[in-house]
Each structure stands twice: as C-alpha cells, then as structure tokens.
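# Geometric and topological summary
If you want the building blocks of each chain, they are given just below.
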There are 2 protein chains.
Amino acid sequence: MSSWDYDLIIIGGGPAGLTAGIYAGRARLRVVLLEKLIHGGQMMTADLVENYPGFPEGISGYELSDRMRRQAERFGLQIISTEVVRLEPGPPVHRVVTVDREATAAAVIIATGANYRRLGVPGEDALVGKGVSFCATCDGALYRDQEVAVVGGGDTALTDTIFLHRFASKIHLIHRRDRFRGAKYLQEQVLNLEKVQVHWDTVVTDIQGAQGVEALSLKNVKTGEVFRLPVSGVFITIGITPNTDWLKGLLPRDDQGFLITDAEMATPIPGIFAAGDVRAKSLRQITTAVGDGATAAFSVERYLESQRRG
Amino acid sequence: MSSWDYDLIIIGGGPAGLTAGIYAGRARLRVVLLEKLIHGGQMMTADLVENYPGFPEGISGYELSDRMRRQAERFGLQIISTEVVRLEPGPPVHRVVTVDREATAAAVIIATGANYRRLGVPGEDALVGKGVSFCATCDGALYRDQEVAVVGGGDTALTDTIFLHRFASKIHLIHRRDRFRGAKYLQEQVLNLEKVQVHWDTVVTDIQGAQGVEALSLKNVKTGEVFRLPVSGVFITIGITPNTDWLKGLLPRDDQGFLITDAEMATPIPGIFAAGDVRAKSLRQITTAVGDGATAAFSVERYLESQRRG
C-alpha cells in the first residue's frame, strides 16, 4: 500500500476524465487519474465517431481516446491503472481506496461513466461497433437505405426508431412485451411510420455475422415461434447503467442511479464533483463529456482557492 | 427579401453553433446557420488552442473552426453570411429577421457568443493572439518563466493572476483604481504572492510590439507619471459582453446580460434555446460550447417531436 496526497484525484479515464485532466494539468494542480481498464471509456467501442467537432471525416474511438490521453499527459497528468473500490469523503480531505492502494486529495472528480445494458446473447459482444450499437444519435447515419433493428420499448427505443426512420430503408422494432413503456405521443408517431415493423412479444436469441451484423435470431415468447431476421445493424436500447454502485449511496442519485450535480458539476459534498455519463443529464455524448470535464476542473480550481482563504 | 421555412435556425457560427449544426444535420433536420462575419467566433482569434481535447499538439483557432465548419456542411448544414437584427418569437413559429432577409422556423438556437471588452488603446487589436489575451485559462501556459501583465481589478483579474503565478516569472497587475473590486479572499491571496507587483491607479495607454507584445505604456492617473513596462504578454480582464443587445430584452438575462437557460439549454420561450458563450454559466471555453451545442440540438429534436404530438 502506498499513500498519496493530491490536489485532485480524477476517477475514470473516458473523455470527461481526460478533459478534466487536461485542464487540471494545465492549471498545474497535483493531479492523478485512476482508470480501471484502459483510458477512453465507452468511446473506445466506437469504430467511427462522426459527431465530435473537429474531425470532418470522423475518427475512431480508439484514436480519439489516444489523442486525448497524450494531450493530458503532455500537461503533466499522471494516469494509473487501478480499480477504485471506495470513497471516504471529507472535507477537507477525501480518501480514495483502490484494490491496491489509497490516495488522499482535497478534491475528487467522479467520471466513472455508464454502460449500456446488453442483451447477453451470443454474438453481441463480438459485434459491438460492427453493427451492434447502443446509440442511434452516434451511428444512425451509417445505415442509410439499409434494414436495421431496434430492441426495446421505452422512450429511447421509440425516439431512436423515429430518428432512424430518416436513414434506414426499414426498421424492425423488437419488444419483448405486447405494449410499449415509452411516452404515448412517441408510440403514436412510431406506429404511424410506414417503414417501421413492430415485432411484439419477441426477444433476440442471438446476433449473427462475421465482419458485421448479418441477421438476428428472434423468438416469439407467446407462440414459441423462432425465425431469422436479416439486418445490417441492431440498436440495443434497453437501458443504461451508471457506474455508481461502488459509491454505496454516498451521493444523491436519480431514479436510474445517475449522480445529481449542479451546473458547476458539484455534488452536495464540498470538494466532490461528477462529470460525464455518470451524471444525471439529458444527453450523453463525447461533446457533453468534454464540456462537463472542463467545467468540473474549473470548479475544482475555484474550490481549492476558496479552501485556501482560511 | 426571401422567405424560408426551417425546422431550426441557428444564429451564430462559433463552436456552439457549428456543433448544433453537426447534430441537427445528422438528425436530418431542415436547418440553416446564420453568421454575421465568418464562422468560428472568438475561437478564430486564438493562435493556438491547447485545451480542446483531441489535438495533443494544439491547433490554431482558424483551423479548428474550419474543420468544424466542413464537418457540419458534410452533414448538410447550410451556412449563410448575414446579420440577424431581430427575433419575433412564437410559438409555434419563430421569425428571424436579418439585414437582408427573413426566415421562419419551429425552433431557434441562439449562439451569438460574447466579446471580451477591450481597452481601446493603440496596438491592442493588432496584437490579439500575439501576446494580447483575454483568457488566462487558454493561454497562460504559453508564458512559462516570462513577465506578463494582467489588466483589471475584479474576480477574473485576481483569479487569472493566481493562475498565471504558476507559470510566469513575474506578474504586473494593473488596476485603474486604488482598491480591487474582486472577492476579499482572492485579494488576500494575490497580495501574498511574491511574484506579483500591483500597479494601483494605473491605466494602459498603448501596447507595443511588432511580431508580439514587447511592452506597455502605463500612466498613473493620480500623479500623471508615465512609464514603459516590458512584458511578453498582457491579459485583459475587464469584462465580457454577451451579444444579446439585438434581443432587446426578449429573454431573461443575468446581471451581465447573459441568457438564462435550464440544463437542457431551453429559454422560457418554447422552441427557443441558447448555447455557448452567450449563456449564463461558469466557464466559457470551446469544450463547454460544443457540449452546449450538442445538448441544444438534442433538445430541439425532442421539442419538435413533442410539437408533432397534436
């Protein structure tokens, strides 16, 4: 066990955490970023990021992540691969406990992100970024004049279906129940779209394809009927889970578990901030993550200055 | 006079407006962006943008702006050079009046930005981006071990002085009065910094330099004494003015004139949104502008869907 002392500990190495690291590094804070796996977060799973401004031809999630990491390191950010298991809040000093060490800091930015819920069927993991997508806003435009499927029945599934209707030649909306959970006016719109076919009481049992998605195996849960549906893409919209379990209720969360902050990214505990997908907000994108990360780092600076006042 | 009809009109072509354009274009909205001068906004004045994630070696404001514009146009955004003079709000239809035409749309995003207040002295305009800066967070790290000046006496002047203390060999804080306006605890910190020299009752009368800033001419307003101060950079922090005058009080503003929105970028008028520097918020950076622009475009999509419900 080693013990550290920092101005700021950033937990999570996706675009929110890396951007906070760029700003904090440039501000010459004593800062470290702790990341469980590899930097980049969800961004790493994207074959082609088309909507992050500055890359007219798009950029792979891997390369964008690597560029952000190099930029942060250039400004002095230290990145350590370790898994955080506990936060023991102050103030004035917060303690972060990982699987193999502990660290104390005056400020903490939680940027642990969120994961899209997966179906857990064969073929799914292998085809993520190759036809399996969790984000129509990100990837929808890639499916112009192609046949795609959307899995789910909530607001996101319906909104994504409406969105995809602008591109795809046909959209199969696959829902395991006999009615949607999403807003009534979204349901009405979806049911009026000519290119949409709804498959009620139906679940996906596997996703097939070699280089990319080729077809889904579907099963009607009422009749037991099994059939094969050829599509070139499938959007899985069955929920998103923030990585907040490790906080064990320490900070206020919304009903889906996302951390609630103010506009300056502050949680109710002085010196603890949250940024990126882990935060309760309307749109989870790289664009909004970098905005959050910059704002959080700036709030940390102001917080540290106010702490010095005494 | 021609007359248009759009889903969305974006007013302003800085990073917030261009990002909203990328998202709205990808969503296949009928969208136009109106820009008074040239796209890019304040970003265009930056020689080197070092803290926009994705460019490890930095990028010129001009090139970043151009890349964002090409990306937006690739997704179908139409950009028109014209100056907006009036907004006649609905809902359901908002009318935008420019110097040479009119347009109607279901939704409007105001992204007209803000301008840093200038001293109005000889040499200032010519040396912007060449030693004259309005943003210590952006440019401070370029002045390591160099002598710089900060002009102003409010919170920003004091915070920037504290920030610059990490880099510069000496900071001259130039204030036209005999006391600061900024927060007391910031004043105390600044007065305790060893590398800071405060010039009370002093104004800048010109900025000298050929390729970059070389010196300032200063004048003590009480004694009339005039002297020359060699510095390699000057940070002018005497306020920032949002470009909201043309709105003539149509929308609620804070005491500095910035537009007040909720976290989804909505103003109180349904269908009218604001994004970027023009908005009341804690940090005005390209990072936060792109986050705002994406969120605003997403909110527009949801607004348009809700309008179709009838």
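Residues numbered from 1 in each chain as written. Chains lettered and ligands numbered in written order. Predicted model: local features only at pLDDT ≥ 70, side-chain atom pairs only at ≥ 80, totals over all residues. Heavy atoms only, no water.

### Some words on the domain arrangement of chain A
Residues and elements named next belong to chain A. Selection criterion: These domain boundaries are the output of an automatic or database domain assignment. Residue contacts are counted whenever heavy atoms from the two residues lie within 4.5 Å of one another. Note: buried area is the sum, over both parts, of the accessible area (probe 1.4 Å) each one loses when the two are combined. Here, a salt bridge means any Lys or Arg side-chain nitrogen found within 4 Å of an Asp or Glu carboxyl oxygen. What qualifies as a polar contact is a pair of N or O atoms within 3.5 Å, subject to a donor-acceptor requirement within protein and to the restriction that residues adjacent in sequence count only when both atoms come from side chains. Residues are grouped as follows: nonpolar covers Ala, Val, Leu, Ile, Met, Phe, Trp, Tyr, Cys and Pro; charged covers Asp, Glu, Lys and Arg; every other residue, Gly included, is treated as polar.
Annotation of chain A at the domain level lists domain 1 (2–115 + 240–309) and domain 2 (118–236). Spacing between the C-alpha centres of domain 1 and domain 2 amounts to 32 Å. The interface is formed by 6 residues belonging to domain 1 together with 9 residues belonging to domain 2. Regarding the contact of domain 1 and domain 2, the summed buried area is about 550 Å², with carbon and sulfur atoms giving 47% of it. Three residues stand out in domain 1 for area buried against domain 2, namely Thr-45, Glu-50 and Gln-285, and they jointly supply 52% of the buried area on that side. The interface formed by domain 1 and domain 2 includes 0 salt bridges. Taken together, the connections running from domain 1 to domain 2 amount to 0 residue pairs in polar contact (both at pLDDT 80 or more). Residue classes in the side of domain 1 that touches domain 2 are distributed as 1 nonpolar, 3 polar and 2 charged.

### Observations concerning a positive patch on the surface
Here is the rule: Two joining distances apply to patches: 9 Å for like charges and 5 Å for nonpolar side chains (Val, Leu, Ile, Met, Phe, Trp, Tyr), and every residue must have over 30% relative accessible area and no salt bridge. Per-residue and other accessible areas were derived by the Shrake-Rupley procedure at a 1.4 Å probe size, with only the shown protein chains allowed to occlude residues. Two residue types count as positive, namely Lys and Arg, and two as negative, namely Asp and Glu; His and chain ends fall outside the count. Here the site of a charge means atom NZ of a Lys, CZ of an Arg, CG of an Asp or CD of a Glu. Every helix listed is a DSSP run of H or I at least four residues long, and every strand listed is a run of E at least two residues long, numbered separately from the N terminus.
Side chains of A:Arg117, A:Arg176, A:Arg177 and A:Arg181 sit close together on the surface and give a patch of like positive charge. By the secondary structure assignment, A:Arg176 is in the loop between strand 10 (170–174) and helix 5 (184–192).

### So, helix 4 (residues 155–164) of chain A
So the rule is basically this: With a 1.4 Å probe rolled over the protein chains alone, any residue whose accessible area is under 20% of its type maximum counts as buried; one over 50% counts as exposed, and the rest are partly exposed.
The buried count for helix 4 of chain A comes to 8 of 10 residues, which makes it a mostly enclosed element. Within the sequence span of helix 4 of chain A, burial applies to A:Ala157, A:Leu158, A:Thr159, A:Asp160, A:Thr161, A:Ile162, A:Phe163 and A:Leu164.

### Remarks on the packing of aromatic side chains
Counted only if it meets this: What counts as a ring pair is set by centres within 6.5 Å for rings of Phe, Tyr and Trp (its six-membered ring), and what kind of pair is set by the plane angle: stacked under 30 degrees, edge-to-face over 60, tilted for all other angles. To sit over a ring, a charge needs its Lys NZ or Arg CZ within 6 Å of the ring centre and within 35 degrees of the ring normal.
In the structure shown here, the tally under the stated rule is 14 aromatic pairs over all chains. By the ring-pair criterion, three or more aromatic residues cluster together here, those being A:Tyr52, A:Phe55, B:Tyr52 and B:Phe55. One Lys or Arg, A:Arg26, reaches over the ring of A:Phe75 and ends 5.0 Å from the middle of that ring. Above the face of the B:Phe258 ring, B:Arg284 is positioned so that its terminal group lies 3.6 Å from the ring centre.

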